[in-house]
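Chains, contacts and geometry: an overview
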Amino acid sequence: PAIEREIERVARGLERLGALPCGEELEVVQDEPRRDVFRFTISTLGRELRVLASHTVHHLAVIDLLLHAQGLAPVVPGGAGYAPSTPRCGAASSSP
């Protein structure tokens, strides 16, 4: 299927990024709703990967809410859609 090929393509690209230091500066291009307008931001590979991971968790949480509303099983059982610190934070705030 096309989705599997796309996932494999992205995975290969991420493997190539593994050789770059996470602190290396890079220029991020953000396209605007008007296709002829672009904004450039200086960032690092590490920061962009952290944002990507966090945003992916957000999307998994939304997908799981929609699945739950339809009576379906979550995407990843056992807490997908929670940031890694969320269960620890919840446990810490409920203790006396």
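Before reading further, recall that the structure is shown in the block above.
The paragraphs below set out a description of the structure included in this document. Per-chain numbering applies: the sequence of each chain, read as written, is numbered from 1 onward. This being a predicted model, a pLDDT of at least 70 is required before a residue's local features are given, and a value of 80 or more before pairs of side-chain atoms are given or counted; all residues contribute to the totals for chains, interfaces and linings. Hydrogens and water molecules were not included; the side-chain quantities draw on all heavy atoms of the structure.

1. Looking at the overall build of the protein
Inclusion rule: In this description a helix means any DSSP run of H or I spanning at least four residues, a strand means any run of E spanning at least two, and both kinds are numbered starting from the N terminus. The classification of residues rests on relative accessible area computed with a 1.4 Å probe and restricted to protein chains. Under 20% of the type maximum is buried, over 50% is exposed, and intermediate values are partly exposed. Only heavy atoms matter for contacts: two residues are in contact if any of them lie within 4.5 Å across the pair. Where accessible areas are quoted, they stem from the Shrake-Rupley method and a 1.4 Å probe; at the residue level, only the protein chains shown are allowed to cover.
Within the protein, the secondary structure is distributed over 3 helices and 2 strands. In the protein, the succession of helices and strands from N to C terminus is α-β-β-α-α. Taking all 96 residues of the protein together, 8% fall into the buried category. The contacts of the protein with a sequence gap of at least 6 include a subset with a gap of at least 24, amounting to 15%. As displayed, the protein offers around 8,000 Å² of accessible surface, 62% of which is attributable to carbon and sulfur atoms.

2. Considerations on a nonpolar patch on the surface
What counts here: Patches here are clusters of residues that have more than 30% relative accessible area and form no salt bridge, with a 9 Å joining cutoff for like charges and a 5 Å cutoff for nonpolar side chains (Val, Leu, Ile, Met, Phe, Trp, Tyr). Salt bridges are counted wherever a side-chain nitrogen of Lys or Arg sits within 4 Å of a carboxyl oxygen of Asp or Glu.
A cluster of nonpolar side chains, Val10, Leu14, Leu49 and Leu52, forms an exposed patch at the surface whose accessible area comes to about 310 Å². For the nonpolar patch, the secondary structure elements donating two or more residues are helix 1 (2–17) and helix 2 (45–69).

3. Things to note about the pattern of salt bridges
Summed over all chains, the structure comprises 2 salt bridges. Two residues, arginine 9 and glutamate 6, come together in a salt bridge whose shortest N-O distance is 2.6 Å. One end of the pair is arginine 9 and the other is glutamate 6, both in helix 1 and 3 residues apart, which spans about a single turn. For arginine 9, a relative accessible area of 47% puts it in the partly exposed group. A salt bridge links arginine 47 to glutamate 48; the shortest N-O distance between them is 3.3 Å. Under the relative-accessibility criterion, glutamate 48 is labelled partly exposed at 26%.

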